[in-house]
Amino acid sequence: MIKGIIFDLDGVITDTAEFHYLSWKQLSNEEGLKFDKLLNEQLKGVSRNKSLDRILKHNNTTLSETKQKDYLERKNNYYLQYLKKITQKDYLPGIKNFLQVLQASNIKIGLGSASKNAISVLEKLEATHFFDVIGDDNSVKNAKPAPDLFQYVAKELGLTPNECVVIEDAAPGIEAAHEAGMKAIGIGSKEILGNAEIVLESTNFLKLEIIQNI
Ligand code: BG6
Ligand code: MG
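Computed from a predicted model, the values in this text were never measured in an experiment.

Enquirer: Describe the packing of helix α1 (residues 17-31) against helix α4 (residues 65-83), and please don't skip the residues or the numbers.
Expert: Helix packing for two helices is described by the angle between their axes and how far apart those axes are. It is at 9 Å that the axes of α1 and α4 come closest, and there the two elements cross at 135°. It follows that α1 is oblique to α4 by the angle criterion. For the crossing formed where α1 meets α4, the hand is right-handed. Contact with α1, carried on its side by Phe-19, His-20, Leu-22, Ser-23, Trp-24, Gln-26, Leu-27, Glu-30 and Glu-31, involves Tyr-71, Leu-72, Arg-74, Lys-75, Tyr-78, Tyr-79, Tyr-82 and Leu-83 of α4 and no other residues of that element. A per-class count over the contact of α1 with α4 returns 10 nonpolar, three polar and four charged.

Right under this line is the structure:
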């Protein structure tokens with residue numbers, strides 16, 4: 001029986017992917033690095049540090065630790081400027097209502113986000129109160145696709161893995177859920193998220209019955 005839902009944040013609760021894209025793009029332009037939408041797709045669900053690693057690899061280049069720190073800080077500063085635009089109107093379709101339904105049904109709600117900015121984003125959306133447990137990139141050492149974050153959130157919720165379902169928009173997140181022994185609902189395309197038990201085109205199609213029958 002499913003007693004808890006663990007939500008990814010970026011691309012599930014709100015659409016911050018474009019802001020991540022624009023921030024990496026700005027940094028890449030300044031530094032003469034190649035960066036495009038296709039590469040950005042591969043950064044979904046990937047931590048900030050690992051994202052930079054992938055961009056550098058794509059450009060066949062490496063950086064000193066000091067430079068890496070500088071790039072990561074600059075990218076995040078650009079991203080924080082974009083985050084200022086988020087308001088309580090910026091939930092993805094149907095998500096606020098779905099959170100309300102889960103809460104009214106006594107289903108526990110957790111967040112399992114690869115972002116270090118997760119709490120700020122939830123605050124901007126005025127969504128913090130929905131979550132019984134908030135897990136982000138500060139909560140565990142190993143980022144998705146490692147199972148650590150979802151295992152941490154389930155434990156804090158007081159639930160076993162098979163009592164939890166993960167909702168994710170990125171392949172590393174689906175992998176992390178499965179590694180953690182949890183079923184996963186993918187939001188997006190079947191081509192990318194085909195390993196999930198269920199794939200929905202949009203958050204608008206999330207329903208309690210889907211979770212109960214998974
Ligand atoms: C994930 C996003 O949720 O968080 C990634 O899908 C992002 O694109 C990662 O790189 C880390 O985010 P932040 O806010 O810590 O830079
Ligand atoms: Mg995501």
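Alright, that's what it looks like, and here's the rest.
Enquirer: Can you lay out the nonpolar core for me, pointing to particular residues and giving the numbers?
Expert: Core analysis: the largest hydrophobic core is formed by 35 residues, its most contacted members being Ile-5, Phe-7, Ile-13, Ile-95, Phe-131 and Ile-167. When residues of this core are traced back to their parent elements, those giving at least two are β1 (4-7), α4, α5 (95-104), β2 (108-112), α6 (118-125), β4 (164-168), β5 (183-187) and α10 (208-212). Two domains each donate at least three residues to this core, and these are domain 1 (4-15 + 88-213) and domain 2 (17-83). Not counting residues up to four positions away in its chain, the partners in contact with Phe-7 are Val-12, Ile-13, Ile-95, Phe-98, Leu-99, Leu-102, Ile-109, Gly-110, Leu-111, Gly-112, Phe-131 and Ile-167. With 20 residues, the next largest nonpolar core counts Leu-157, Leu-159, Ala-176 and Ala-180 among its residues.

Calculation criteria
- Residues numbered from 1 in each chain as written.
- Chains lettered and ligands numbered in written order.
- Predicted model: local features only at pLDDT ≥ 70, side-chain atom pairs only at ≥ 80, totals over all residues.
- Heavy atoms only, no water.
- Axes fitted to C-alpha atoms, helices over the stretch in contact; angles between N-to-C directions.
- Helix = DSSP H or I, 4+ residues; strand = E, 2+ residues; numbered from the N terminus.
- Parallel < 35°, antiparallel > 145°, perpendicular 65-115°, else oblique.
- Left-handed = near helix turned anticlockwise from the far one by under 90°.
- Contact = heavy atoms within 4.5 Å.
- Nonpolar A, V, L, I, M, F, W, Y, C, P; charged D, E, K, R; others polar.
- Core = buried A, V, L, I, M, F, W, Y, C linked by side-chain atoms within 4.5 Å.
- Buried < 20%, exposed > 50% of the residue type's maximum accessible area, 1.4 Å probe, protein only.
- Domains from an automatic or database assignment.

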